[in-house]
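# Summary of structural features
Each chain is listed here by its residues.
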Amino acid sequence: QVQLVESGGGLVQAGGSLRLSCAASGRIYRVETMRWYRQSPEKQRDVVATITSGGSAGYANFVKGRFAISRDNAKNTVYLQMNSLKPEDTAVYYCTAEIYTTAITGKNNYWGQGTQVTVSS
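A short tour of the structure in this document, coming up. Residues take numbers from 1 onward in each chain, read along the sequence in its written order. This being a predicted model, a pLDDT of at least 70 is required before a residue's local features are given, and a value of 80 or more before pairs of side-chain atoms are given or counted; all residues contribute to the totals for chains, interfaces and linings. Only hydrogens and water are set aside when side-chain values are computed; all heavy atoms of the structure are taken into account.

## Re the pattern of salt bridges
Two side chains with opposite charge may pair up if their charged atoms get near one another. How we decide: Any Lys or Arg side-chain nitrogen located within 4 Å of an Asp or Glu carboxyl oxygen qualifies as a salt bridge. Buried, partly exposed and exposed residues are distinguished by accessible area as a fraction of the type maximum, computed with a 1.4 Å probe on protein chains only: under 20%, between the cut-offs, and over 50%, respectively. To qualify as a helix, a DSSP run of H or I must reach at least 4 residues; to qualify as a strand, a run of E must reach at least 2; elements of each kind are numbered from the N terminus.
Across all of its chains, the model carries five salt bridges by this definition. Here R30 makes a salt bridge to E32, at a shortest N to O gap of 2.5 Å. Of the residues examined, E32 reaches a relative accessible area of 17% and is grouped as buried. Note that D89 and R66 form a salt bridge whose closest N and O atoms lie 2.7 Å from each other. On the criterion of sequence distance, the pair formed by D89 in the loop between β8 (77–82) and β9 (91–100) and R66 in the loop between β6 (57–59) and β7 (67–72) is long-range, its members being 23 residues apart. Both residues of the pair, D89 and R66, belong to the buried class.

## Some points on the pairing of strand β1 (residues 2–7)
What counts is decided by this rule: Strands qualify as paired when DSSP identifies two bridges or more between them.
Because side chains alternate across β1, one face comprises the buried residues V2, L4 and E6, and the other comprises Q3, V5 and S7, none of which is buried. Note that β1 and strand β3 (residues 18–26) share six bridges and pair antiparallel. Paired with E6 across the strands is C22, a residue of β3.

## Quick word on the environment of N76
Operational definition: Contact definition: two residues touch when any of their heavy atoms are within 4.5 Å.
Here N76 lies in the loop between β7 and β8. A relative accessible area of 22% means that N76 is categorised as partly exposed. In this structure, the C-alpha to C-alpha distance between N76 and I28, residues 48 residues apart in sequence, is 9.0 Å. For N76, the residues in contact, after removing those within four places along its chain, are C22, A23, A24, I28, V31 and M34.

Shown next as structure tokens:
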């Protein structure tokens, strides 16, 4: 079994910062691309940032220049540094990871349980 556990969410004032973490554990052979998504009420779930196993990162336009994704491959952990937060960043943030559990089976995409980020104006 594989688990993704997020942490670091909370309440922050506009202009503030938060750092989210997501650690993968369990039967892991290799972790490939990791992503952060977010979803606010009555809105679709959007990808926020993506990072490959080699460290190449990509961002949604609405967070470019404010958020930074990084990862620690030794710890199977992905981070999301969120700066200059705005009220519209309020959402539940989810991490995902493409994980091979063995050397011979295909990869599956796993989701964390989500962490609430609330930005007050």
